[in-house]
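Residue-level structural notes
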Amino acid sequence: MLSQLRLPFRHLAQNGLGVLTPLRQSSSVDFVPPQTFANPAGTEKWHEKVSVPGGQDSFIFPAFNKRIHPPVLDQHGQLLVRPAYCCHMRTMIKYSQKKLWYIASFVRGLTVEEALKQLTYRHMNAKGAMIVSDIIREAQELAVQEHNVEFKTNLWVAESFTEKAEKVKGMRRHARGRMALLDFEFQNYFVRLEEGAPPKDYYEWRREKRPEELLENYVAEQRKRTIVFQQ
Amino acid sequence: MISLQSSIKLKQIVSGVGSLSGTWHTQRALHVTPLILGWGNEHKPIPRGRFRPNRHWHPENRKARAMKILRPDLPDSDFLRKMQSKEASPAEIRDFYKERGLMRHESDNEIPVYTSCTGMLMEPFEPPEGDGKASLLSKQGAKDSALVVQRKGKTLLATRKLRRFEEDFDPRQFAEASQEIYIQAHEALARHDEDDLHKYATEKAYPEMLYNTENKTIYWKFIKSLEPPKTVQIRANDAFTKNNLFAQVTVRFHSQQILAVYDRFGRLIQGHPTVAKDVLEYVVFEKHAANLYGTWRVHGKIIPDWQDNRTPGRLTRVLRKDEAPMEEEIITDEEATKSNEAESSTTDESDAPIYDRFNRVIAKSK
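Residues numbered from 1 in each chain as written. Chains lettered and ligands numbered in written order. Predicted model: local features only at pLDDT ≥ 70, side-chain atom pairs only at ≥ 80, totals over all residues. Heavy atoms only, no water.

A count of helical and extended segments in chain A gives five helices and five strands. The secondary structure elements of chain A, listed N-terminal to C-terminal, are α-β-β-β-α-α-α-β-β-α. Counting across all 231 residues of chain A, residues that qualify as buried make up 42%. In chain A, once contacts between residues fewer than 6 apart in sequence are set aside, the share between residues at least 24 apart is 69%. Total accessible area computed for chain A in this model is approximately 14000 Å², and 55% of it derives from carbon and sulfur atoms. (Helix = DSSP H or I, 4+ residues; strand = E, 2+ residues; numbered from the N terminus. Buried < 20%, exposed > 50% of the residue type's maximum accessible area, 1.4 Å probe, protein only. Contact = heavy atoms within 4.5 Å. Areas by Shrake-Rupley, 256 points an atom, 1.4 Å probe, with all protein chains shown as cover.)

For the rest of this paragraph, the subject is the overall build of chain B. Along chain B, the regular secondary structure elements total 10 helices and eight strands. The buried share of chain B, reckoned over its 366 residues, is 33%. Of the contacts made within chain B by residues no fewer than 6 positions apart, 61% connect residues no fewer than 24 positions apart. Looking at chain B as shown, the accessible area adds up to about 25500 Å², and 53% of this sits on carbon and sulfur atoms.

The four strands lie next to each other as β3(A)-β5(A)-β4(A)-β1(B), forming an open sheet whose pairing is antiparallel. On the outer flanks of this sheet lie β3 (85-94) of chain A together with β1 (69-70) of chain B, each paired with one strand and no other. Bridge count between strand β4 (residues 155-173) of chain A and strand β5 (residues 179-195) of chain A: 16 bridges; the pairing is antiparallel. Bridge pairing in β5(A) links A:E159 to A:R192. The strands touched by helix α4 (residues 126-146) of chain A are β3, β4 and β5 of chain A; relative to β3(A), the strand with the most contacts, the crossing angle is about 145 degrees. (Pairing = 2+ DSSP bridges. Axes fitted to C-alpha atoms, helices over the stretch in contact; angles between N-to-C directions.)

Working note: regular strand, side chains alternate between the two faces of the sheet. All names here are of chain B. The element strand β6 (residues 297-302) is extensively covered by neighbouring structure, given that five of its six residues are classed as buried. Here strand β5 (residues 277-288) runs beside β6; their pairing, made up of five bridges, is antiparallel. Along β6, the bridge assignment pairs E286 with R297.

Residues A:K94, A:K99, A:K127 and B:R71 make up a contiguous surface patch of positive charge. Within the secondary structure layout, B:R71 lies in the loop between β1 and α3 (77-84). Owing to a relative accessible area of 55%, B:R71 belongs among the exposed residues under this scheme. (Patch = residues over 30% accessible without salt bridge, like charges linked within 9 Å, V, L, I, M, F, W, Y side chains within 5 Å. Salt bridge = Lys/Arg side-chain N within 4 Å of Asp/Glu carboxyl O. Lys, Arg positive; Asp, Glu negative; His and termini not counted. Charge placed at Lys NZ, Arg CZ, Asp CG, Glu CD.)

Another point: the packing of aromatic side chains. Scanning all chains against the criterion turns up 21 aromatic pairs over all chains. When the ring of A:F61 is compared with that of A:F190, the centres are 5.3 Å apart and the planes differ by 80 degrees; the resulting orientation is edge-to-face. Here A:F61 is found in the loop between β2 (58-59) and β3, whereas its partner A:F190 is found in strand β5, with 129 residues between them in sequence. For A:F61, a relative accessible area of 10% gives the class buried. Taking relative accessible area as the criterion, A:F190 reaches 3% and is therefore assigned buried. Here A:R122 stacks its cationic end above the ring of A:F106, 5.0 Å away from the centre of that ring. Just above the ring of A:Y85 sits the side chain of B:R264; from NZ or CZ to the centre is 4.7 Å. (Phe/Tyr/Trp six-rings, centres within 6.5 Å; stacked < 30°, edge-to-face > 60°. Lys NZ or Arg CZ within 6 Å of the ring centre and 35° of its normal.)

The next thing to look at is the UniProt feature "domain: Tim44-like" (unreviewed entry) in chain B. The sites that UniProt annotates as "domain: Tim44-like" (unreviewed entry) are residues 155-303 of chain B. The distance from the first to the last C-alpha atom of residues 155-303 of chain B is 20 Å, and the span holds 30% helix and 42% strand. (UniProt positions renumbered as here; feature names shortened; annotations may be inferred.)

Residue and element names in this part refer to chain A. Locating L155 in the fold gives a position in strand β4. Accessibility expressed as a relative area gives 1% for L155, which makes it buried. In this structure the C-alpha to C-alpha distance between L155 and W101, which are 54 residues apart in sequence, comes to 22 Å.

All names here are of chain A. Throughout the structure, instances matching the rule amount to 28 salt bridges over all chains. The salt bridge involving K169 is made with D183; its shortest N-O contact spans 3.2 Å. Here K169, found in strand β4, pairs with D183, found in strand β5; they are 14 residues apart in sequence, far enough to count as distant. Several salt bridges converge on common partners, so that one network encompasses E204, R207, R210, E212 and E213.

Another point: the nonpolar core. Counting residues in each nonpolar core, the largest one holds 38 residues, and the members touching the most others are B:Y182, B:L197, B:F285 and B:W296. Mapped onto this core, the elements with two or more residues apiece are α6 (153-165), α7 (171-191), α8 (194-200), α9 (205-210), β2 (217-238), β3 (245-262) and β5 of chain B. With nine residues, the single largest contributor to this core is α7(B). Of all hydrophobic cores here, the second largest spans 34 residues; its members include A:F59, A:A115, A:I131 and A:L193. (Core = buried A, V, L, I, M, F, W, Y, C linked by side-chain atoms within 4.5 Å.)

All right, on to the confidence of the model for chain B then. All names here are of chain B. Mean pLDDT over chain B works out to 81, with 78% of the residues at or above the 70 mark. No element of chain B has a lower mean pLDDT than helix α1 (residues 4-17), at 41, and none a higher one than β6, at 96. Confidence over residues 345-349 falls short of pLDDT 50; this stretch has zero contacts with residues more than four positions distant or in other chains. We note a pTM of 0.76 for the whole complex and an ipTM of 0.78 for its interfaces. (pLDDT = per-residue confidence, 0-100.)

This part takes up unusual backbone geometry. Residues and elements named next belong to chain B. A positive phi angle, near 50 degrees, is found at E123, a position not held by glycine. Here E123 lies in the loop between α4 (90-100) and α5 (139-150). Under the relative-accessibility criterion, E123 is labelled partly exposed at 39%.

All names here are of chain A. Put simply, helix α2 (residues 97-107) and α4 touch, their axes get as near as 9 Å, and they point 45 degrees apart. As far as their axial angle goes, α4 and α2 are oblique. Between α2 and α4 the crossing geometry is right-handed. Each of L100, I103 and V107 in α2 lies in contact with α4, whose residues at this interface are G128, A129, V132 and I136. (Parallel < 35°, antiparallel > 145°, perpendicular 65-115°, else oblique. Left-handed = near helix turned anticlockwise from the far one by under 90°.)

Turning our eyes to something else, we now look at the confidence of the model for chain A. All names here are of chain A. In this model, chain A carries an average pLDDT of 84, and 81% of its residues clear a pLDDT of 70 or more. Confidence, read as mean pLDDT per element, is least for helix α1 (residues 10-15) in chain A (38) and greatest for β3 (97). Confidence over residues 1-29 falls short of pLDDT 50; this stretch has 53 contacts with residues more than four positions distant or in other chains.

Residues and elements named next belong to chain A. In this model, α4 (21 residues) spans 30 Å end to end at C-alpha, consistent with the 30 Å of a helix rising 1.5 Å per residue. Buried residues of α4: G128, A129, I131, V132, S133, I135, I136, A139, Q140 and A143, and no others. For α4, the elements touching its buried residues are β3, α2, α3 (112-120), β4 and β5. Downstream of α4 by a residue or two, N148 has a phi angle that is positive, lying close to 55 degrees. (Expected span 1.5 Å × (residues − 1).)

Here's what the structure looks like:
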């Protein structure tokens, strides 16, 4: 269930809020300034919707880029080094939702370079693959320039999903004086890139189960059995 | 006579495609699968024969078929994006509006212009060489302080001009009072408090102070003053009209401060939160003396060249193609290959993991 929620740091929730990769022993302990210097609650701008170029609608997803995380200490008493992330989206993409959904799902959990490489191999939904790789490239650039990501290849696709946007209506004529309405559908595509290596199992249900887990599941299934129509 | 089954089929067709009265409706709103497509095991699709023509559509009638569809002008979101992020050329924008027969109108927002500060430093003070390095009691220190006292003529003139508007002005007392303004301005900057920053810094200093501070947490602390603040220069001049006096006072601060800058994710990128640094700077305060409600505010800073002892920040970036590396950093190809060979020879046995600037492992040992 956790894996299906669209929250930042979802995979951190699985490991426990802490450092993803081991820190090198440093001689000086990094000190965290008093909390009064963090932005006072209620003054943040990141829960206000942001207008996105290309359309008239405003969205809350890009506003996550304005969120400032104050420096804190982790459980070892050292400065918590959070992975950088960058939210990017494009609105009013002229494409089918049924096709774009496959591409969005395909790209989840891959490193950025792997995603861009794999998208060039798609002979089906090639137009959508081109659009999505374009958006991921833009997000990569944004991450390096504005969100303090050091290496642009050290990113992975943490979130990738689509939503339906506006529909523009047209009409078509049928035989015998009958008419019908046509929908020209537009989509929104959202992507969040995060710094670091992707988790080994992005989807919990696809994870390779350990022998103990398999045994537990088997035993539980066997014990669930009942004799039918028995009172 | 039509059999029952075929009449049902007719009804299905009728309900699927539309009534015979000739009114148009939304095909997709009906939520009924037409029998032509069929569903399940019982309702098979209509076979080609009596009720469905057994012909392929004629390729000659392609254009006629296309004319049946009224396709509206779809919004060109690519170009709109280009325009809104200001990457479209003026010619392209002009063509866009012309094609659609739209008028571009100038915005009606007229902003009145009000000069509340001068946009420059009047005769910026030149700090004497070696200031702050030698103590006042040494021979060098005494010479330096003497230099500062020498350039007093213009300062006295300016003080007189200023006293016409502000009778109680005393340079010595001002120096002590200005330290409070300096501290307030910097604390407001650390808090990203724009209202207070306007109060304690002029409109010229405001963007200079806020530059590059977005999405960062700044921790700044003023620990103590190593030497009492000293007024070193006063300049006062009229701007635009006569008697519209702006006064600038340069004050020398030698203090101990702490600065730690954290990026958007709370990672340290500059300075350190516990290491105090000695800071020598000449801060220029400005006041619109002719204005009854004018206040002294931070207008600019003069930092001597040799005083730039900041710790280098941890941020790195890739040079653009047109940018040349700094002279000290130019490494010739030979040197680069030599160093690479040297590194590879030592690290073949023990492949140390690669760390990024926040001491995180990005590539493990092989």
